[in-house]
Amino acid sequence: MSEKILLVDDEEGIRKVLGISLSDSGYEVLTAESGEKALHLFRHHNPSIVLSDIRMPGIDGIELLRRIKAESPDTEVIMISGHGDMDLAIQSLKYEAADFILKPIQDDALDVALKRVHERISVREQLREYTQDLERMVREKSEKLIATERLAAQQHQRLAQRYQQLFDEVPCYISVHDKDFRLTAANRRFQEDFGYHIGSYCYAAYKQRQAPCPNCPMIQTFEDGQSHYTEAIVTSKSGEQYNVLSWTAPIYNEAGQVTQVMEMSTNVTQVRKLQSHLTSLGLLIGSISHGIKGLLTGLDGGMYLLNSGFSKEDKQQIKEGWQTVNLIVGRIRKMVLDILYYARERELQWENISVLTFADQVAAIVEPKMVSHGIQFVRDFDQSLGTIALDASVVHSALINILENAIEACIEDKSKRSHTITFGVKQDDTAILFHVHDNGIGMDKETRAKLFTLFFSSKGQKGTGLGLFIANQVIRQHGGSIKVESERGEGSHFIIKIPRLHSVEETTVAPQHSVTSTSDAQRLD
Amino acid sequence: MAKKIMVVDDDPVIVKYIVTLLQDNGYATCTAADGLEAYHMLKHEQPDLIALDLEMPEEWGTKFYRRLTKDEKFSSIPVVVISGLPGRHLSIKKAVGYLAKPFDPGQLLDIIKKTIGP
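1. Remarks on the overall build of chain B
Within chain B one finds four helices and five strands. Listed by position from the N terminus, the elements making up chain B come as β-α-β-α-β-α-β-β-α. The burial tally for chain B puts 54% of its 118 residues in the buried class. Here the contacts in chain B between residues at least 6 apart in sequence split such that 64% fall between residues at least 24 apart.

Below, the structure written as structure tokens:
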């Protein structure tokens with residue numbers, strides 16, 4: 001489509017001649033005889049070039065120029081000026097006319113002016129294109145930059161999250177400390193088990209101490225920049241004690257100084273527990289082998305008495321030999337059952353039982369032995385006792401163990417003429433209390449202190465050192481305790497306390513503590 | 001007169017066993033249930049040999065043995081150790097014999113015969 005040019009002149013002759021000339025040059029020519037008409041056409045057709053006479057009635061060329069430039073700064077306006085209007089022509093340049101040509105219009109001058117206008121238009125177009133390109137490029141680059149930045153930020157965040165996750169999920173405690181032993185960071189496991197406030201002291205968090213721990217590996221690391229380790233027992237915020245193995249590592253600042261120390265601690269409580277189990281197992285095996293040697297010697301003794309008695313036809317010795325064999329077989333049975341119980345630390349089997357029935361059954365088992373040794377047996381049972389939930393078979397054997405100890409304490413005591421064992425049961429608001437009181441040989445302080453330790457026996461070869469250890473474990477499993485009062489030569493008083501912790505559904509009530517439990521107890525005693 | 005042997009053991013079953021064994025073989029015996037009792041018994045008994053158990057509740061055989069060897073009057077009495085604990089004989093250096101429980105009665109008699117005669 002050809003370029004539009006608006007020709008404005010009040011002289012019809014000029015419009016006609018110039019119009020033909022411009023049409024020949026390939027323009028689509030619009031003509032107007034006045035400024036008003038020209039503005040109308042301009043607004044309607046938006047020509048890129050306007051050729052306007054300066055002197056016209058009404059809106060003159062200068063005013064037209066100003067209005068057009070105000071509305072469309074890119075429209076190029078060439079002024080046509082008469083000879084006397086040079087001042088006006090120059091003034092028009094101030095209003096950004098592209099050029100002016102003088103009347104009478106020379107074709108060459110018009111061509112030059114038009115050419116110049118075209119150059120201006122094309123330069124401006126190029127400039128616009130450049131500008132647009134530049135803007136587009138800037139926009140594109142900015143967008144790319146923003147996207148890259150966003151990606152980097154996301155990656156950074158992901159990385160930070162991942163490291164935090166690693167820090168938190170490492171299966172050990174990690175804490176970071178400054179030189180004043182203050183916590184500056186701690187992983188989730190540390191926080192969960194020990195609580196955590198930035199700035200709190202490590203020895204307070206770990207050990208509830210008021211001052212740094214002796215042999216602190218962190219102090220060494222601050223001094224020499226090396227990793228150190230230690231094993232310690234720490235207390236969690238819930239009060240549990242853990243064995244931990246701790247390693248330290250220095251954290252350097254930019255100047256290469258150790259400003260903080262990281263401590264990594266592994267919970268080795270299970271390992272230590274296992275070790276102590278193994279140790280007691282070793283002790284158990286030692287004790288068993290020692291016990292078995294004693295028992296075999298005893299059996300040899302019994303057999304010897306029998307054989308020698310038969311060959312001498314000594315009835316008394318045969319009887320003694322037979323009693324010895326019986327006694328040793330009893331000891332073997334007891335020892336094997338002690339070991340079996342120790343080996344199988346079983347779950348408690350709770351049942352509701354009548355305390356009075358239970359106490360009667362226990363008493364019935366030990367009474368014959370007391371009678372045969374001339375020991376007076378006193379039952380002191382509170383008749384208003386109700387029921388209690390406990391594992392009858394194991395408590396049964398624990399009580400029998402304590403009662404049999406009382407019998408032995410009386411048998412061994414030669415200083416008194418008569419012996420009495422009192423077996424009592426009472427209750428208070430929260431617990432059932434069994435009492436076993438004897439006036440036998442009693443215990444010194446040392447024996448009292450070691451009474452419940454594994455493999456401690458005051459009975460020499462006759463004891464395995466398991467009985468009271470197991471009795472104590474059984475009562476503790478019930479949440480109870482065994483208290484002992486005793487003086488050497490005076491006798492002993494055991495108080496067995498079993499709290500009313502559990503209540504078992506009434507449907508499982510076993511009012512008559514079953515025969516099975518009794519035989520269980522006999523197996524375990 | 002028959003040679004006398006003191007049997008020291010806290011287990012009456014074992015005491016009865018050793019005593020019968022020794023008496024069947026012509027020895028006289030006296031017995032004590034622990035080291036302290038044995039030491040007091042030495043005031044009125046003069047055994048030719050002591051058969052000593054080591055692990056006893058009141059006073060361990062090792063302690064009794066130390067007392068015995070320190071006392072000039074008794075330090076020459078030969079001692080045969082009969083113990084259930086392995087390695088314990090190391091603390092009784094001058095024992096004329098060491099028997100681990102369960103012991104062979106023939107071996108005990110051999111040692112005694114070799115040491116003090118029948």
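2. Brief notes about the side chain of Ser81 of chain A
Following the sequence through the fold, Ser81 of chain A ends up in strand E4 (residues 76–81). If near-sequence neighbours (up to four positions away) are discounted, Ser81 of chain A is found in contact with Ile54, Met86, Ala89, Ile101, Leu102 and Lys103 of chain A.

3. Things to note about the interface of chain A and chain B
Counting residues at the interface gives 24 residues for chain A, matched by 21 residues for chain B. Summed over the shared surface of chain A and chain B, the result is three salt bridges. For Lys312 of chain A, the salt bridge goes to Asp24 of chain B, with nearest N and O atoms at 2.5 Å. Remark: the boundary between chain A and chain B carries five residue pairs in polar contact (both at pLDDT 80 or more). Those elements that place two or more of their residues in the side of chain A that touches chain B are helix H9 (269–312) and helix H10 (315–343) of chain A. For the side of chain A that touches chain B, the leading source of residues is H9 of chain A, giving 12 residues. Residues that form the side of chain A that touches chain B fall into these classes: five nonpolar, 11 polar and eight charged.

4. Concerning the nonpolar core
Counting residues in each nonpolar core, the largest one holds 46 residues, and the members touching the most others are Val395, Ile421, Phe423, Phe434, Phe494 and Ile496 of chain A. Listing elements by their share of this core, those giving two or more residues are helix H11 (355–372), strand E12 (375–381), strand E13 (387–390), helix H12 (392–412), strand E14 (419–427), strand E15 (431–438), helix H14 (467–477) and strand E17 (491–499) of chain A. No other element matches H12 of chain A, which puts 11 residues into this core. Setting aside its immediate chain neighbours within four residues, Phe494 of chain A contacts Ile402, Phe434, His435, Val436, Met443, Leu451, Phe452, Leu468, Ile482, Lys483 and Val484 of chain A. If you look at the next biggest cluster of nonpolar residues, it comprises 22 residues, including Leu49, Ile82, Ile111 and Ile116 of chain B.

5. Re the packing of helix H1 (residues 12–24) of chain B against helix H4 (residues 105–116) of chain B
All names here are of chain B. Look at H1 against H4: their axes get within 11 Å of each other, and the N-to-C directions meet at 60°. The pairing of H1 with H4 is recorded here as oblique in orientation. Handedness of the crossing formed by H1 with H4: right-handed. Between H1 and H4, the residues in contact are Tyr17, Ile18, Leu21 and Leu22 and Pro105, Leu108, Leu109 and Ile112, respectively.

6. Quick notes on the packing of aromatic side chains
Residue and element names in this part refer to chain A. Following the criterion strictly, the structure yields 12 aromatic pairs over all chains and no others. Between the aromatic rings of Tyr201 and Tyr203, the centroid separation amounts to 5.2 Å while the plane-to-plane angle is 10°, which identifies the pairing as stacked. Look at Phe423 and Phe434: their rings are 6.3 Å apart centre to centre, the planes differ by 10°, and that puts the pair in the stacked class. One end of the pair, Phe423, is in strand E14; the other, Phe434, is in strand E15, with 11 residues separating them in the sequence. Using a relative accessible area of 0% as the deciding quantity, one classes Phe434 as buried. Taken together, the ring pairs in this structure connect Tyr173, Phe190, Phe194 and Tyr242 into an aromatic cluster.

7. Details of the sheet that holds strand E7 (residues 183–186) of chain A
All names here are of chain A. Ordered by their spatial adjacency, five strands build an open sheet running E7-E6-E10-E9-E8, and the pairing between neighbours is antiparallel. On the outer flanks of this sheet lie E7 and strand E8 (229–235), each paired with one strand and no other. With direction set aside, neighbouring strand axes in the sheet form an average angle of 30°. The pairing of strand E9 (residues 241–252) with strand E10 (residues 258–267) spans nine bridges and is classified as antiparallel. Across the sheet, the residue bridging to Ala249 is Met262, located in E10. Across the face of the sheet, helix H8 (residues 217–224) comes into contact with strand E6 (173–178), E8, E9 and E10 while running at roughly 145° to E10.

8. A word on the pairing of strand E5 (residues 99–102) of chain A
Residues and elements named next belong to chain A. Note that E4 and E5 share four bridges and pair parallel. From the neighbouring strand, Ser81 faces E5, where its bridge partner is Leu102. Note that the unit made of E4, helix H4 (residues 86–94) and E5 has a crossover that is right-handed.

9. Some points on the sheet that holds E5 of chain A
Pairing between sheet strands relies on hydrogen bonds along the backbone, with the strands arranged either parallel or antiparallel. All names here are of chain A. If you trace the five strands from one edge of the open sheet to the other, you get E2-E1-E3-E4-E5, paired in parallel fashion. The open sheet is flanked by strand E2 (28–32) and E5, the only strands paired with a single partner. Direction aside, neighbouring strands of the sheet carry axes that sit 20° apart on average. Together, strand E1 (4–8), E2 and strand E3 (49–53) form the strand contacts of helix H2 (residues 35–45), whose direction differs from that of E2 by roughly 145°.

About the thresholds
Residues numbered from 1 in each chain as written. Chains lettered and ligands numbered in written order. Predicted model: local features only at pLDDT ≥ 70, side-chain atom pairs only at ≥ 80, totals over all residues. Heavy atoms only, no water. Helix = DSSP H or I, 4+ residues; strand = E, 2+ residues; numbered from the N terminus. Buried < 20%, exposed > 50% of the residue type's maximum accessible area, 1.4 Å probe, protein only. Contact = heavy atoms within 4.5 Å. Salt bridge = Lys/Arg side-chain N within 4 Å of Asp/Glu carboxyl O. Polar contact = N/O pair within 3.5 Å; in protein donor to acceptor, adjacent residues only side chain to side chain. Nonpolar A, V, L, I, M, F, W, Y, C, P; charged D, E, K, R; others polar. Core = buried A, V, L, I, M, F, W, Y, C linked by side-chain atoms within 4.5 Å. Axes fitted to C-alpha atoms, helices over the stretch in contact; angles between N-to-C directions. Parallel < 35°, antiparallel > 145°, perpendicular 65-115°, else oblique. Left-handed = near helix turned anticlockwise from the far one by under 90°. Phe/Tyr/Trp six-rings, centres within 6.5 Å; stacked < 30°, edge-to-face > 60°. Pairing = 2+ DSSP bridges. Right-handed = clockwise from strand over helix to strand, strands pointing away.

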